[in-house]
Amino acid sequence: MDLEFGRGLRSPKRDSWKTTLLLAYQSLGVVYGDLSISPLYVYKSTFAEDIQHSETNEEIFGVLSFVFWTLTLIPLIKYVSIVLRADDNGEGGTFALYSLICRHANVSLLPNRQIADEELSTYKLECPPEITDKSRIKVWLEKHRKLRIALLIMVMIGTCMVIGDGVLTPAISVFSAVSGLEFSLSKDHREYAVIPITCVILAFLFALQHYGTHRVGFLFAPIVLAWLFCMSAVGLYNIIHWNPQVYQALNPYYMFKFLKKTRKYGWMSLGGILLCMTGSEAMFADLGHFSYSAIQLAFTCLVYPALILAYMGQAAYLSKHHDFYSSSQVGFYIAVPDKIRWPVLVLAILASVVGSQAIISGTFSIINQSQSLSCFPRVKVVHTSEKIHGQIYIPEINWMLMILCIAVTVGFRDTKHMGNASGLAVITVMLVTTFLTSLVIVLCWHRPPLLAFAFLLFFGSIEALYFSASLIKFLEGAWLPILLAFILMAVMLVWHYTTIKKYEFDLHNKVTLEWLLALGDKLGMVRVPGIGLVYTDLTSGVPANFSRFVTNLPAFHRVLVFVCVKSVPVPHVLNAERYLIGRVGPPGHRSYRCIVRYGYRDVHQDVDSFETELVETLATFIKLDASYRCSEASDPDELTEAMVEPAGERERRLTVIASSNTLRHRASYDLQDSARHSSPASTTVEMRATGAMAAGDGDDGAAAEISPEKKQVRFFIDSHVASPDATGSGKQVEEELEALVAAREAGTAFILGHSHVQCKPGSSVLKRLAVDVGYNFLRRNCRGPDVALRVPPASLLEVGMVYVL
């Protein structure tokens, strides 16, 4: 068992205490790097210009009280005690909350939902459907499409702010750590040292991303651990040496005194105080790599006490020192003793690099999730580990983040503007999480709406106060995350809208199987050797681009497979449940449909392993289908039903086929319409289970041998494939398997649609800008579907298709 593989794929048994301790140790380097370096810049950002540190100490004690209660209420109570429990099969983050809501209420805008998806092991519901249906909020959300669109837009806003935080957090973290050099350099040399050193460290950090975080996880954890102990020791020293009575500032009365004295400027300074909880969202977003108990243990027993001691130590030192040249010197390093300032400086720079790594990895992860839900243009996703699930690297995003981070550092050049920008991004994500969690409380946990409203009102009010204080700093740096979010939102909305419209166009222009079969006699269709994989977004019917292909070139492969790669609203799909296989036409036509289902955190296979598994599952399906038809033939009633069953009904019957090394089983679904639209008034979907039967261990039918040199699958057909009572069926199965083997050895062609999108005449100017300009620009300059599906160029066959939307 891999310790970082994710709770969603580990055994449902509780982890042992040794495993929990090891996971808690590893989480320090991945989850808490960002949160642990916040003392570097919180006080410096708070006292930048809005308030002054006076000799009465009311300002510093008020800020300390705000910091203490903010850390207690938001990271400790909200996230550790409540939000971390809203996991999606062990996964966390904004899309995990949205996935939970989509499973318990029909609010998803993706139109390719199937009833078979609800039978997945990871598609679990908290309560039976009859209880879920009683929720008025659920009915209300499903009834109004505008509310579902608003919900998706809110998720997109949270996603955009996370990406924006991936730009701002590395810049402010590394810059704040390097700024400790100011105490060792003259004023003339600071400008020529701090900024260049920060940019070099950032460039080095992003250059290391392609190695993956799993290779440096054990290296990062001791750095953060040493930094936490260093902060605690320095803070404890300052408390004892300068002001042992500083604990009195934890009284919330000091917050009231602070606001009463500073008034408007005190409220504006809250934009700096909220930076103390920067990185709290990482506890939830990285939940899938660890476990709830490990993250809870690390935060409550180590991170939280260390942060409180660090902030109290700084306040104790500042309460006895008021002779600063400017309020901007009210920072972390001023409270560090001179003898250990250099070692602390080096450790702080290392810790800032670790903290930046956490948010960069989270940015890669959330972009990958957005891409799986058709909310982001296709990008190249590199999986940096074969053993550890979810460790990814996206080259294009990595270099864009590096350029933007360096630009922010060179452009702002101070902690104040960086803090204002980072604070707005952080608090916006937290507000989105609070709203989505309140929906989870009602729709998924089935708690009273009053309880969800209390959660939303209490934590939402606190975060709204901080949000308002950040938003007022619009001209002082807060404009940057808003600008980034606006650009990213435009990209995501244009891509998502056009993708759905293209799917609806395909759905309305698909052709029937009867049309395809009748066309073969008219055009003199030729079947050429090999396997043709026709990629389509449709889960039923023949796509229009394939009909255009065969009408212009009346030839296609002897084995034809319509492949639909789709994402389902679960984090992971087990290999045993990944493939849905069905026939397209009679057995002699050698045409099949294969729906490959992935979760939003699943690793897409490379083309070689995909071809191997696809041929294996087709062989298994052929055997099971023959067995099923034999059982139908033994029952007169079912035989009569099968004789009158039209071709379209046979096409809609799909079978779950397990992968090669697991128990193969059959669970067949009859789908009246396999595409279920998001509208609650859409066509109903009916499922009929036809039983399950084991297919043996592979020796009873078609055993597979993989040649490592040619990466081909060779099948050895057993003469006892079928039942002894059905020799005719056994001969037919043998012929079908031999045809599959011969086609596989002849080669595989990947047939993809090369689409061009344009608006209908008379469309609005906004639609023309979005589709004709925006989408086509993204399509031309982003990765194509062949890269996302890992199709080899030598086997690629593209069919041009014009979509008029």
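Analysis parameters
- Within each chain, residue numbers correspond to sequence positions counted from 1 in written order.
- Per-residue local features of the predicted model are confined to residues with pLDDT of at least 70, and side-chain atom pairs are confined, for both listing and counting, to 80 or more; whole-chain, interface and lining totals are unaffected and use all residues.
- Remark: hydrogens and water are excluded; side-chain values derive from all non-hydrogen atoms of the structure.
- Each axis is a line fitted through C-alpha atoms, and for a helix only the stretch in contact is used; angles between axes span 0 to 180 degrees, taken between their N-to-C directions.
- Here a strand is any run of E in DSSP of at least two residues, a helix any run of H or I of at least four, and the numbering for each starts at the N terminus.
- For classification purposes, an angle smaller than 35 degrees is called roughly parallel, one larger than 145 roughly antiparallel, one from 65 to 115 roughly perpendicular, and anything else oblique.
- By definition, residues are in contact when any of their heavy atoms lie within 4.5 Å.
- Residue type decides the class: Asp, Glu, Lys and Arg count as charged, Ala, Val, Leu, Ile, Met, Phe, Trp, Tyr, Cys and Pro as nonpolar, and the leftover types, Gly among them, as polar.
- The span one expects for a helix is its residue count, reduced by one, times 1.5 Å.
- For each residue, the accessible area found with a 1.4 Å probe, counting protein chains only, is set against the maximum for its type, and the residue is called buried under 20%, exposed over 50%, and partly exposed in between.
- What qualifies as a polar contact is a pair of N or O atoms within 3.5 Å, subject to a donor-acceptor requirement within protein and to the restriction that residues adjacent in sequence count only when both atoms come from side chains.
- One side-chain nitrogen of Lys or Arg within 4 Å of one carboxyl oxygen of Asp or Glu is enough to make a salt bridge.
- How sure the predictor is of each residue is captured by pLDDT, a score from 0 to 100.
- Aromatic rings from Phe, Tyr and Trp, with only the six-membered ring used for Trp, were paired whenever their centres fell within 6.5 Å, and each pair was classed as stacked if the ring planes differed by under 30 degrees, edge-to-face if by over 60, and tilted otherwise.

**Q** Where do I start with the packing of helix H18 (residues 415–443) against helix H20 (residues 479–509) in this structure?
**A** The packing of two helices is summarised by the inter-axis angle and the distance between the axes. One can describe the packing of H18 onto H20 by two numbers: an axis separation of 7 Å at closest approach and a directional angle of 50°. Between H18 and H20, the interaxial angle falls into the category oblique. Of the residues in H20, those touching H18 at Ala421, Leu424 and Ala425 are Leu480, Pro481 and Ile482. When its residues are assigned to classes, the contact of H18 with H20 shows six nonpolar, no polar and no charged.

**Q** Is there a simple way to think about H18 in this case?
**A** Since there are 3.6 residues in each turn of an α-helix, residues three or four apart along the chain are aligned in direction. Taking 1.5 Å per residue as the helical rise, H18 with its 29 residues ought to reach 42 Å, and the 42 Å between its terminal C-alpha atoms agrees with that figure. Counting buried positions along H18 gives 26 out of 29 residues, so the element sits mostly inside the fold. Measuring from the backbone nitrogen of Lys416 back to the side-chain oxygen at the start of H18 gives 3.3 Å, which picks out Asp414 as the cap.

**Q** Got a minute to help me understand the pattern of salt bridges in this structure?
**A** For side chains of opposite charge, pairing can occur when their charged atoms come near one another. This structure, assessed with the given rule, holds 13 salt bridges. With a shortest N-O distance of 3.9 Å, Lys257 and Glu58 are connected by a salt bridge. In this pair, Lys257 sits in helix H11 (residues 253–262) while Glu58 sits in helix H4 (residues 58–82), placing the two residues 199 residues apart along the sequence. By relative accessible area, which is 26% here, Lys257 ends up partly exposed. A relative accessible area of 25% means that Glu58 is categorised as partly exposed. For Lys416, the salt bridge identified is with Glu476, shortest N-O distance 3.6 Å. Here Lys416 is found in helix H18, whereas its partner Glu476 is found in the loop between helix H19 (449–471) and H20, with 60 residues between them in sequence. Relative accessible area serves as the criterion here: at 16%, Lys416 is assigned to the buried category.

**Q** Could you clarify how one ought to interpret the confidence of the model for the chain in this entry?
**A** Looking at the chain, the pLDDT average stands at 78 and 78% of residues meet or exceed 70. Counted against residues more than four places away or in other chains, residues 638–649, with its pLDDT under 50, gives eleven contacts. The low-confidence segment residues 660–727, where pLDDT is below 50, has 159 contacts with residues more than four positions distant or belonging to other chains.

**Q** Can you help me understand unusual backbone geometry in this one?
**A** In terms of backbone geometry, most residues other than glycine have negative phi values and most peptide bonds are trans. Residue Arg263 is not a glycine yet carries a positive backbone phi of 55°. Given a relative accessible area of 63%, Arg263 falls into the exposed group. Of note, the phi angle at His446 is positive, near 60°, even though the residue is not glycine. Checked against the element boundaries, His446 lands in the loop between H18 and H19.

**Q** What's the story with the packing of helix H7 (residues 136–143) against H18 in this structure? I'm lost.
**A** Closest axis-to-axis distance for the H7/H18 pair is 9 Å, and the angle between their directions is 120°. Classified by the angle between their axes, H7 and H18 sit oblique to one another. Only Leu439, Val442 and Leu443 of H18 make contact with H7, whose side of the interface consists of Ile137, Lys138 and Leu141. Partitioned by chemical class, the residues of the contact of H7 with H18 number five nonpolar, no polar and one charged.

**Q** Teacher, can you tell me more about the packing of aromatic side chains here?
**A** Given two aromatic rings, one states the distance between the centres and the angle between the planes to describe the pair. On inspection of all chains with the given rule, the structure shows 21 aromatic pairs. With a centroid separation of 6.1 Å and 25° between ring planes, the pair formed by Tyr32 and Phe299 is classed as stacked. With Tyr32 in the loop between helix H1 (17–30) and helix H2 (33–36) and Phe299 in helix H15 (residues 292–319), the pair connects residues that are 267 residues apart, well separated along the chain. For the residue pair Tyr32 and Phe299, the accessibility class agrees, reading buried in each case. Summarising the aromatic geometry, the rings of Phe458 and Phe459 are spaced 5.0 Å apart at their centres and angled 85° between planes, so their arrangement reads as edge-to-face. Counting every residue linked through ring pairs, the aromatic cluster contains Phe546, Phe549, Phe556 and Phe562.

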